[in-house]
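One letter stands for each residue in the lines below.
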Amino acid sequence: MADKILLAHGSGGKLAHDLVEKSFVKTLTNPFLDKLDDSAVFDLSGRLAFTTDSYVVSPVFFPGGDIGKLAVCGTVNDLAMSGAKPLYLSLAFIIEEGLALAELEKIVSSVQKTANEAGVKIITGDTKVVPRGSADRLFINTAGVGVIPEGVDISGDRAQPGDKVILSGAIGDHGIAVISQREGLSFSTKLKSDCAPLGGLVAEMIAASPNINCLRDPTRGGLATTLNELAKQSKVSIRIEEKTIPVREEVMGACEMLGFDPLYVANEGKLVAIVPPQDADKILKAMKKNKYAKEAVIIGEVAAKPAGRVVMKTVLGAHRIVDMLVGDLLPRIC
Amino acid sequence: MKYISEFRRSELAEGLISHIRHSSKTRARFMEFCGGHTVTIFRYGIRQVLPETIEMVSGPGCPICVTANADLDKAIALAKIPNVIVATFGDMLKVPGSRSSLQQAKAEGAEVYTVYSTMDALKAAQDNPDKSVVFLGIGFETTAPTVAASILQAGEKGLKNYYVLSLHKLCPPVIRALLEAGEVELQGLVCPGHVSTIIGSHPWEFIASDYGIPCVVSGFEPLDILQTVDMLVEQVEKGESKVEIAYKRGVNPEGNQQALRLMERVFEPAPARWRGIGEVAESGLRLREKYKSFDAEANFELKPGPTVEAAGCICGDILRGVRTPSDCKLFGKTCTPESPVGPCMVSTEGSCSACYLYGEGLGG
């Protein structure tokens with residue numbers, strides 16, 4: 001077998017068959033996938049959540065993860081943010097001709113490892129190969145389904161005045177870890193992406209109290225953009241306190257250098273929860289027991305006015321608006 | 001020592017704020033010259049926590065904002081020449097000139113590279129030997145030495161396709177021009193930190209001695225600004241005017257001699273056009289005769305066409321400190337960071353952008 005991906009690997013012929021068998025099915029094996037029928041067939045009941053996302057991160061390997069891990073975490077987390085238990089994922093590759101087979105296999109095992117941890121199965125997939133220059137190494141699309149437990153009703157429009165805003169940990173790690181590897185910009189940092197599947201964390205939070213009004217993972221656009229989305233959807237004001245928001249010194253330093261505000265830098269393993277005040281403590285306590293939310297903290301609360309706006313009390317005690325991200329801070333970080 | 005979080009500690013800030021409130025008796029207007037300071041002031045809401053006796057006004061210290069339309073047009077005209085690659089810092093892309101912007105020229109097929117340092121531009125010249133690479137030299141004394149270094153390196157490497165469009169500007173001469181014009185009365189100047197790391201604090205002495213205005217060189221963290229304001233208040237209350245450094249971890253009175261020598265070797269002072277202020281003698285830098293082969297202006301025929309200023313935009317007045325973003329009819333309506341009319345809304349260091357993004361003065 002060739003050590004690089006050729007156009008023929010996507011042709012549907014013998015090479016393509018070999019690639020699917022040896023590089024994908026062998027690693028990702030499960031009864032649904034192994035059948036290799038045109039579609040995966042499975043039973044589910046109850047309220048379902050369904051989502052899809054495409055991953056184009058550059059570089060494909062970055063400190064703390066790679067595009068494979070990201071492609072599983074991103075979709076698993078989108079399901080989890082609806083309160084769903086993530087179950088099944090599809091996995092589609094668009095590969096640039098010439099990609100080293102060893103790299104592809106490394107990414108597929110990263111997919112499998114992350115899927116295992118997240119408790120999801122890859123049950124269907126697709127591979128296309130495009131000529132050199134038509135893609136940047138490889139792009140991945142995943143879609144996923146999950147089941148929402150009884151009694152859980154989580155949506156971006158449910159924040160109520162008086163609710164507490166919980167953040168699961170330090171912000172900005174992913175965006176800065178990825179940008180630190182960019183050509184022409186590489187600076188040395190020990191920082192790793194926070195990329196992580198959050199389905200387990202969400203299940204533990206729901207177990208502590210099903211009364212969670214909103215959940216969202218602050219990916220592109222960062223914490224500031226996520227809070228603005230929630231404030232607008234719920235037609236409320238979100239008031240946060242700057243000094244409570246955890247930001248690592250390395251992230252602060254890189255942001256100063258690059259002219260970024262950590263509030264707008266992407267995360268791939270963090271969530272924001274908006275919960276009724278009487279449930280906040282028990283949810284926070286449950287979060288802190290999970291390895292992905294040890295630094296969880298209440299960063300503010302929901303008020304009625306000014307509706308649709310996020311207001312931050314700065315470390316100096318003054319107040320300022322925190323707006324949505326304007327323009328593109330960093331292209332292709334996820 | 002943690003150089004960032006230590007300078008954002010709220011308990012230390014509270015102490016400084018209360019000291020300022022206690023000691024400030026006389027009404028005073030302080031100008032922060034530098035756009036970086038403006039951003040810190042808005043981002044942390046510093047105007048809100050200062051006593052009513054103190055008014056802060058923003059100055060012309062945003063290099064992109066003060067670049068005149070005529071010069072922007074030149075940069076855009078350069079980008080439109082076939083086989084010319086324009087290399088620039090990212091902020092420049094969106095700035096509208098008379099008729100277009102670099103971003104628009106790029107969309108129409110011009111080659112415009114965003115770089116993070118002059119060395120990236122130099123590399124682009126090496127990687128594209130059949131094209132000409134022009135670096136847009138925009139900035140104050142802070143960036144000019146690195147541009148000078150890139151020109152010297154290009155010479156050493158024998159690169160014949162690397163050029164600089166020198167639109168550099170010098171800070172002390174423009175402050176003198178502002179004070180001479182007398183439009184804005186100041187009782188204190190927050191002197192730029194990064195510029196002073198290069199030039200030192202001595203070049204500000206004339207402001208204290210000739211105009212009797214207290215000067216303090218400041219860093220960029222909220223505690224730096226508060227300490228600077230505190231020191232300015234002390235001078236005002238004592239009736240003194242001298243140059244002090246609050247940013248001792250970055251600035252010494254003599255500056256960075258090596259950087260200054262580098263700048264001196266490649267550049268010489270020249271008149272420069274400032275948006276809103278006009279031409280100011282000796283406030284710019286042009287390449288010395290010896291380095292003319294790297295000078296974009298001397299090596300390309302530029303026909304930028306007549307200069308047009310955006311109707312209704314008051315960036316010029318804002319840069320002189322005589323009006324504020326909220327005085328502008330376009331602010332937040334037709335002029336936003338997504339579709340900026342004037343440069344003060346484009347640059348991350350512009351007063352309009354800082355004012356828009358951080359919504360100054362919202363109570364709670």
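One numbering rule holds for all chains: residues counted from 1, following each sequence as written. Each chain is given a letter, starting from A, and each ligand a number, starting from 1, according to the order in which they appear as written. Since the coordinates come from a predicted model, pLDDT governs what is reported: local features require at least 70, and pairs of side-chain atoms require 80 or more to be given and counted, while whole-chain, interface and lining totals use all residues.

Colleague: Explain the packing of helix H6 (residues 199–208) of chain A against helix H9 (residues 277–289) of chain A here, please?
Modeller: Residues and elements named next belong to chain A. The contact between H6 and H9 brings their axes to 8 Å, and the two run at 145°. As H6 packs across H9, the resulting crossing turns out to be right-handed. Counted together, Leu201, Glu204, Met205, Ala207 and Ala208 of H6 and Lys282, Ile283, Ala286 and Met287 of H9 form the full contact between these two elements. All amino acids are sorted into three groups, where Ala, Val, Leu, Ile, Met, Phe, Trp, Tyr, Cys and Pro are nonpolar, Asp, Glu, Lys and Arg are charged, and the leftover types, Gly among them, are polar. Looking at side-chain class alone, the contact of H6 with H9 contains 7 nonpolar, no polar and 2 charged residues. Convention adopted: a line fitted to C-alpha atoms gives each axis, helices being fitted over their contacting stretch, and angles between N-to-C directions are expressed from 0 to 180 degrees. A helix here means a DSSP run of H or I that spans at least four residues, while a strand means a run of E at least two residues long, and both kinds are numbered starting from the N terminus. Two helices cross in a left-handed way if the nearer one is turned anticlockwise from the farther one by less than a right angle. They cross in a right-handed way if the turn is clockwise. Note on contacts: each residue gets a C-beta atom placed from the backbone, and two residues are in contact if those atoms are within 7 Å.

Colleague: Would you take a moment to explain the interface of chain A and chain B for this structure?
Modeller: In many analyses, interface size is given as the accessible surface area lost on bringing the parts together. Contacts between chain A and chain B engage 21 residues on the former and 26 residues on the latter. Looking at the side of chain A that touches chain B, the elements with two or more residues in it are helix H8 (249–258) and strand S13 (319–322) of chain A. Grouping the amino acids of the side of chain A that touches chain B by side-chain chemistry returns 8 nonpolar, 7 polar and 6 charged.

Colleague: Any chance you could explain unusual backbone geometry here in plain terms?
Modeller: Most peptide bonds adopt trans geometry, and most residues besides glycine take a negative phi value. Residue A:Ser58 is joined to A:Pro59 through a cis peptide bond whose omega torsion reads 0°. For A:Pro59, the location among the structural elements is in the loop between strand S1 (47–55) and strand S2 (61–62). Although it is not a glycine, A:Arg137 sits at a positive phi angle of roughly 70°. Its location among the elements puts A:Arg137 in the loop between strand S5 (121–130) and strand S6 (138–148). Among the residues examined, A:Arg137 registers 21 C-beta atoms within 10 Å and is labelled buried. With a phi angle near 55°, B:Glu282 is a residue other than glycine that sits in the positive phi range. Tracing the backbone shows B:Glu282 in strand S11 (residues 278–287). To sort residues by burial, count the other C-beta atoms lying within 10 Å of each one's C-beta; a count of 20 or more means buried, 12 or fewer means exposed, and anything in between means partly exposed. C-beta atoms are built from the backbone.

Colleague: Would you mind showing me how to read the sheet that holds strand S6 (residues 162–166) of chain B here?
Modeller: Two pairing modes exist for strands in a sheet, parallel and antiparallel, and in both the strands are linked by backbone hydrogen bonds. Residues and elements named next belong to chain B. A pair of strands is labelled paired if DSSP reports no fewer than 2 bridges between them. Strand order in the open sheet formed by 4 strands is S4-S3-S5-S6, and the pairing between neighbours is parallel. Taken across any chain shown, the strands that pair with only one partner, and hence form the sheet edges, are strand S4 (111–114) and S6. The average undirected angle you get between the axes of adjacent strands in this sheet is 25°. This element, helix H7 (residues 118–127), spans strand S3 (84–88), S4, strand S5 (132–137) and S6 of the sheet and lies at about 165° to S5.

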